[in-house]
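Next come the chains, spelled out residue by residue.
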Amino acid sequence: MPGISKYGPLLVVICLGIIVQALLIPLDCVSKPHDTAVAFTKAYLKLDSSMADYLCEDSRTVDEIDMVAQYIYDKTQVAKDRGFGKSYVKNQLYHVLTHTTYTSDSEATVSIHAKTRTSINPVFAWVAKLFFIGETRPFDEKIEVVKVDNQWKVCGSPLSLHGNT
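Residues numbered from 1 in each chain as written. Predicted model: local features only at pLDDT ≥ 70, side-chain atom pairs only at ≥ 80, totals over all residues. Heavy atoms only, no water.

Overview of the layout of surface pockets
Inclusion rule: Method remark: on a 1 Å grid restricted to protein atoms, a set of points is classed as a cavity if a 1.4 Å probe fits but cannot get out and as a pocket if it is open with protein on both sides within 12 Å along at least five of seven lines; lining residues have an atom within 4 Å of a point. Grid points are joined across faces, edges and corners, and a volume is the space filled by probe spheres set on the points. Only DSSP runs of H or I covering at least 4 residues are called helices, and only runs of E covering at least 2 are called strands; the numbering of each starts at the N terminus.
Volume-wise, the largest pocket comes out at about 290 Å³. Lining the largest pocket are 15 residues; nearest its centre among them are Tyr44, Leu45, Tyr71, Lys75 and Asn91. Only helix H2 (33-45), helix H4 (67-81) and strand E5 (136-148) provide two or more residues apiece to the lining of the largest pocket.

A closer look at the pairing of E5
Keep this limit in mind: Strand pairing follows a simple DSSP-based rule, namely that at least 2 bridges must link the two strands.
Bridging between strand E4 (residues 107-118) and E5 involves eleven bridges; their strand directions are antiparallel. Bridge pairing in E5 links isoleucine 112 to glutamate 141. By the bridge criterion, four bridges tie E5 to strand E6 (residues 151-154) in an arrangement that is antiparallel. Across the sheet, the residue bridging to lysine 147 is tryptophan 152, located in E6. If you look at the hairpin formed by E5 and E6, you'll find two residues sitting between the two strands, and aspartate 149 has a positive phi there, around 55°.

Quick look at the side chain of threonine 109
The line we're drawing: Contacts described as polar in this section are N or O atom pairs within 3.5 Å, which, within protein, must combine one atom able to donate a hydrogen with one able to accept it, while residues neighboring in sequence count only if both atoms come from side chains. Contact between two residues is taken to exist if any of their heavy atoms lie within 4.5 Å; hydrogens are not considered.
Note on placement: threonine 109 falls in strand E4. Among the polar contacts listed, one links the side chain of threonine 109 to the side chain of glutamate 144, at a separation of 3.1 Å. Non-local contacts of threonine 109, meaning those with residues more than four positions away in its chain, are made with His99, Thr100, Thr101, Thr103, Lys142, Ile143 and Glu144.

And the structure:
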């Protein structure tokens, strides 16, 4: 029985840690404006059509034109005109810092400060980062997010999605 009293406090601490962790997991599943803005930005820079999942209905289509598909098409054409494939205009986001300013309970502005690097494929981005090759560019943007049905969505004209680039 002396072995039980010796390890008793350790078992209590481990059990408390497990209970606290189980209670904190649901808090991490709550939608946050900065998570939505960063996820949208990463998909946007990778030319991933999943960026549409983070957009409001008003931002997704303008004059019955799917803005996400149009943006990806335009970027693909830019790469094609330069003699490259779509992957040559993809970028990866690194060293992301965000600052969220709430304008109301359901509206916020997220400032994203990061660095981008060309990401032809995941291996290229990893090797370029590992060996400090390739050009990194600063990325500073403000993204408007709105809470719709308990989920944060990117609204307005995010980045240059509705622009001519």
